[in-house]
Amino acid sequence: MKALVISGGGSKGAFAGGVAQYLMEIKKKEYDLFLGTSTGSLLIPQLALNNVGKLYDIYTNVNQLSIFSLNPFVVKRREGREFVTINYFTTLLQFLKRKRTFGESGALRRTIRKNFSVEEFMEIKRSHKKVVVTVSNLSKNRVEYKELSEFSYDEFCDWIWISCNYIPFMSLVKRDGFEYGDGGLGCVVPIREAIRRGATEIDAIILESENLNENKVLGKNPFSLMLSIYGFVLDQIEYHDVSEGVLAAKHNNVKLNLYYTPTKLTENSLVFNKKLMHQWWLQGFSYAEEKFKTV
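In this convention, every chain numbers its residues from 1, walking through the sequence in written order. Local features are withheld for residues below a pLDDT of 70 in this predicted model, meaning they are given only at 70 or higher, and side-chain atom pairs are given and counted only at 80 or more; totals for whole chains, interfaces and linings count all residues. Based on all heavy atoms of the structure, the side-chain values leave hydrogens and waters out of the count.

**Quick notes on the nonpolar core**
Residues grouped as a nonpolar core are buried Ala, Val, Leu, Ile, Met, Phe, Trp, Tyr and Cys residues, joined through side-chain atoms within 4.5 Å. Summary of the burial criterion: residues with accessible area below 20% of their type's maximum are buried, those above 50% are exposed, and those between are partly exposed, where the area comes from a 1.4 Å probe applied to protein chains only. Ranked by size, the top nonpolar core spans 84 residues in total, and within it Leu-4, Leu-47, Phe-116, Phe-156, Ile-202 and Ile-205 carry the most contacts. Sorting elements by how many residues they give to this core places helix α1 (residues 13–26) first, with eight residues. Residues are treated as being in contact if the distance between any of their heavy atoms lies within 4.5 Å. Non-local contacts of Ile-202, meaning those with residues more than four positions away in its chain, are made with Ala-3, Val-5, Ile-191, Ala-194, Ile-195, Val-254, Lys-255, Leu-256 and Asn-257. Helix and strand assignments follow DSSP, with helices taken as H or I runs no shorter than four residues and strands as E runs no shorter than two, numbered in order from the N terminus.

Here it is as C-alpha cells:
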C-alpha cells in the first residue's frame with residue numbers, strides 16, 4: 001500500500017502542493033493512503049480526488065481573511081523580512097470576552113466547507129482511498145487520527161479544521177467533552193501512523209529544511225517571542241517524528257522517500273501571502289523535479 005504523508009506547516013503547504021503535483025502528474029504516482037497534519041490535512045482530501053488544479057487555486061488565493069475571523073497578528077516588513085507583532089486590540093477583546101486564545105479561526109472552518117463539497121466527500125467515501133487527519137486531544141494529552149470513512153461530512157470538515165487550529169493563536173475546539181487543537185502539537189509528520197496502517201511505500205513531504213543553517217530571528221516582544229519558542233518546539237517534534245519514522249520504516253522494510261524544503265521559506269507560517277504561496281508552489285514542483293533528476 002502506497003501512502004502520501006504531508007506534515008504541518010501553515011502557509012508552507014503551498015510548497016507541498018507543488019511537490020505532490022509533480023509526484024502525481026509527472027511521475028504518475030497513485031496512493032491508497034493520504035495522511036496529513038495541520039496544513040497537510042487541508043491538502044489531502046483534494047489530492048485523494050486528484051484535484052491538483054483546484055488545490056492550486058485554493059492555496060494561491062487564500063489570505064488572512066480566509067483563515068482568521070479574529071486575527072491576533074500584525075505583520076510588518078523591515079529589510080526584506082516579515083516580522084509579526086501582537087494585535088493589541090484583538091488580544092484585549094479576547095481577554096474581555098474571557099477567551100483562552102489570542103485569535104479565532106472560524107473563517108478557516110467556512111473556507112474548508114466552501115472548497116470541499118459534500119459530493120467530493122462522498123466520492124472519497126465510495127473509493128478505496130483512506131484519508132486520515134491528525135488532531136491533538138489536549139484533555140487526554142494524546143494524538144488521535146481521524147479517518148474520513150468513519151465520519152459524516154460535517155464531522156470530518158470539523159476534524160480538518162481542528163487539525164489546523166494552532167493553539168493559542170487560533171480556536172480551541174470542544175468535541176465529545178474533550179478539547180482539541182492542532183495535530184502538530186503532538187505529531188508533525190505522521191510517518192509511523194502510515195506504517196501502522198499498513199503502508200509499504202511512503203512519500204513524506206516535510207515542510208521544513210533538512211539543515212537549518214541561518215540564525216533564527218527571535219521575537220522582539222513577548223508575543224512574537226512566544227511564536228519563536230513554539231516554532232522551536234515544533235521543529236524538535238518534527239525531528240523526533242522523522243527519526244522515529246525512519247527507524248520504523250527500516251524495521252518494517254518500508255520504502256520511505258523524504259521531501260524537505262530546500263531553504264527556510266518563512267519566519268512565520270501563519271502569515272498567508274498569496275504571492276509568496278504561488279512562488280512556493282512552483283518551487284515545490286521544481287524541487288521534486290530536480291530531486292528525481294539527481295536520482
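Continuing now.
**Side note on the pattern of salt bridges**
Each reported salt bridge corresponds to a side-chain nitrogen of Lys or Arg within 4 Å of a carboxyl oxygen of Asp or Glu. The final tally for this structure, using the stated rule, is 17 salt bridges. Across the salt bridge formed by Asp-203 and Lys-29, the nearest N and O atoms sit 3.0 Å from each other. Here the residue Asp-203 occupies a position in strand β9 (residues 201–209), and Lys-29 occupies one in the loop between α1 and β2 (33–37), the gap between them amounting to 174 residues. One exposure class covers both Asp-203 and Lys-29, and it is buried. The closest approach of N and O atoms between Arg-100 and Glu-179, which form a salt bridge, is 2.2 Å. Of the two residues, Arg-100 is situated in the loop between α5 (88–96) and α6 (106–115) and Glu-179 in strand β8 (residues 178–182); the sequence distance between them amounts to 79 residues. Classification of Arg-100 as exposed rests on a relative accessible area of 60%. Among the residues examined, Glu-179 registers a relative accessible area of 22% and is labelled partly exposed. Sharing partners across several salt bridges, the network here consists of Arg-109, Arg-113, Asp-154, Asp-158 and Arg-175.

**Quick notes on the packing of α1 against helix α2 (residues 39–48)**
For the pair α1 and α2, interaxial distance at closest approach is 10 Å and the crossing angle is 30°. Classed by the angle they form, the pair α1 and α2 counts as roughly parallel. In this structure, α1 meets α2 at a crossing whose hand is right-handed. Mapping the contact onto sequence places Gly-13, Ala-16, Gly-17, Ala-20 and Met-24 in α1 and Thr-39, Leu-43 and Leu-47 in α2. As a rule, the C-alpha atoms of each element are fitted with a line to give its axis, helices using only the stretch in contact, and angles between N-to-C directions run from 0 to 180 degrees. An angle below 35 degrees is treated as roughly parallel, one above 145 as roughly antiparallel, one from 65 to 115 as roughly perpendicular, and anything else as oblique. What makes a crossing left-handed is the near helix being turned counterclockwise from the far one by less than a right angle; a clockwise turn instead makes it right-handed.

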